[in-house]
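So the chains spell out like this:
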Amino acid sequence: MQRWHTLAAHYNNKYGCRVQKIPLDAGACCPNRDGTLSHDGCIFCNANGSGSGRAKRGHSLLQQWNALRAVYLRDDPNTRFVAYLQSFSNTYGPQKRLQQLLQSVRSLPQCFGVAVGTRPDCLDAPKLDTLAALDCDLWLELGLQTAHNQTLSRINRGHTAAQAEKAVCMAAERGIAVCAHLMAGLPGEDERHFLQSLDWALALPIQGLKLHNVFVPKGTALASLYAAGIYHPLWRDEYVDMLCAALPRIPSSLVIHRLQSDPAPRELVAPTWATDKRGLLGDLRRALVARDLWQGKSCDSPEGCPAIFLGAGGVSAGF
Ligand code: SF4
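One structure accompanies this document, and this report is about it. Numbering of residues starts from 1 in each chain and follows the order in which that chain's sequence is written. Whole-chain, interface and lining totals are the exception, using all residues; otherwise, since this is a predicted model, local features are given only for residues with pLDDT of at least 70 and side-chain atom pairs are given and counted only at 80 or more. For side-chain calculations, the full set of non-hydrogen atoms in the structure is used, while hydrogens and water are omitted.

1. Some thoughts on the site of the ligand
Proximity criterion: a residue is near a molecule or strand once any of its heavy atoms comes within 4 Å of it. As a matter of local geometry, the ligand sits amid twelve residues, with Cys30, Gly41, Cys42, Cys45 and Arg119 nearest to it. Only Asp, Glu, Lys and Arg are considered charged in this grouping, and only Ala, Val, Leu, Ile, Met, Phe, Trp, Tyr, Cys and Pro are considered nonpolar; every other residue, Gly among them, is considered polar. Here the residues of the shell around the ligand sort into five nonpolar, four polar and three charged.

Structure (structure tokens):
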């Protein structure tokens, strides 16, 4: 039995087919790296800005798109595709740049939807209006990370929780579906902080959640803290316990885009378990079954897992 509401199930329920996100690096930048706020970036950010770095290596959007699209079409020729602008802060910079970027992305062959990753402080009313005017399936993926200003400052995030709240509300006012990103295991935080951040995000008008375990990438300030013994990432069991505590308090209608980080093995310092994504989800499933838990159990679905978790036709819709 599927115990949480996956993005795959959401798309399957909504469109009756498989929808695949294709991560793209549009060569964006970030105010927390270009000197506007800082040159250092968030302490867990590496030179690729949480992305693939393909733009820097000269790969165009179309090349990146076609390479992955061909792979997925081999698996299932009926797959639809969502362009995921992942690396750095894709709404940073002039309004015109965002308009042109969205135009380029929408014109990619078979592009059916767009997911835009950004920071809360890189949005204003005109940019949100531009996003809201897109004629396709749209998710705004906002890095909120934590509700705690002290942590935001500790990780050199460069924005406050109040700025995050404002961005979410302004997007929701325009009918934009917001997927909030939160991190578990941030320096100075424990499960209590993580659950407080979760409750804070759930009180905002969001429609999706992406939960990440903090990992230590090479060449980051966090890697220096780790090497000095000042920071240690979560143990695998600790993170599974945190997810078991988190999922029951998340309303079942909320779409869970992801429950773990996705480090490239070559960039990972610690923890080594972070690359075993399927293994972690297997552990989580077993823990949820053993503890008789599921998404929404403590709020809107105390009786059992809703059918929407399975996707249209009752077929399990993957991760
Ligand atoms: S907001 Fe994103 S791209 Fe910018 S410094 Fe932080 S992690 Fe890196």
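2. A word on the pattern of salt bridges
Whenever Lys or Arg places a side-chain nitrogen within 4 Å of a carboxyl oxygen from Asp or Glu, that contact is recorded as a salt bridge. What the rule picks out here adds up to 14 salt bridges. The salt bridge partner of Arg174 is Asp129, with a shortest N-O separation of 2.6 Å. You can see Arg174 sitting in the loop between α6 (161-173) and β5 (177-184) and its partner Asp129 sitting in helix α4 (residues 125-132), a full 45 residues away along the chain. Assessed through its relative accessible area of 25%, Arg174 is described here as partly exposed. Relative accessibility under 20% of the residue-type maximum defines a buried residue, over 50% an exposed one, and the middle range a partly exposed one, all with a 1.4 Å probe and only protein chains included. Take Asp129: its relative accessible area is 41%, and that puts it in the partly exposed class. Of the charged contacts in the structure, one is a salt bridge between Asp283 and Arg286, with a shortest N-O distance of 3.0 Å. On the criterion of helical spacing, the pair formed by Asp283 and Arg286 is a turn pair, its members being three residues apart in helix α10 (residues 277-290). Each of Arg236, Asp276, Asp283 and Arg286 takes part in salt bridges that share partners, so that together they form one network. Each helix is a run of DSSP H or I of at least 4 residues and each strand a run of E of at least 2, with the numbering of both proceeding from the N terminus.

3. Looking at the packing of helix α3 (residues 95-106) against α4
Relative orientation of the contacting elements α3 and α4 amounts to 10°, with a least axis distance of 10 Å. Relative to α4, the element α3 lies roughly parallel. Crossing angle aside, the handedness with which α3 passes α4 is right-handed. Contact with α3, carried on its side by Gln95, Leu98, Gln99 and Leu102, involves Pro126, Lys127, Thr130 and Leu131 of α4 and no other residues of that element. Of the residues that constitute the contact of α3 with α4, the class distribution is four nonpolar, three polar and one charged. Note on definitions: angles span 0 to 180 degrees between N-to-C directions of axes, and those axes are lines fitted to C-alpha atoms, for helices only across the stretch in contact. Angles are sorted into four bins: roughly parallel if under 35 degrees, roughly antiparallel if over 145, roughly perpendicular if 65 to 115, and oblique for all others. Here a crossing is called left-handed whenever its near helix is offset anticlockwise from the far helix by less than a right angle, and right-handed whenever the offset is clockwise. We call two residues contacting when some pair of their heavy atoms lies within 4.5 Å.

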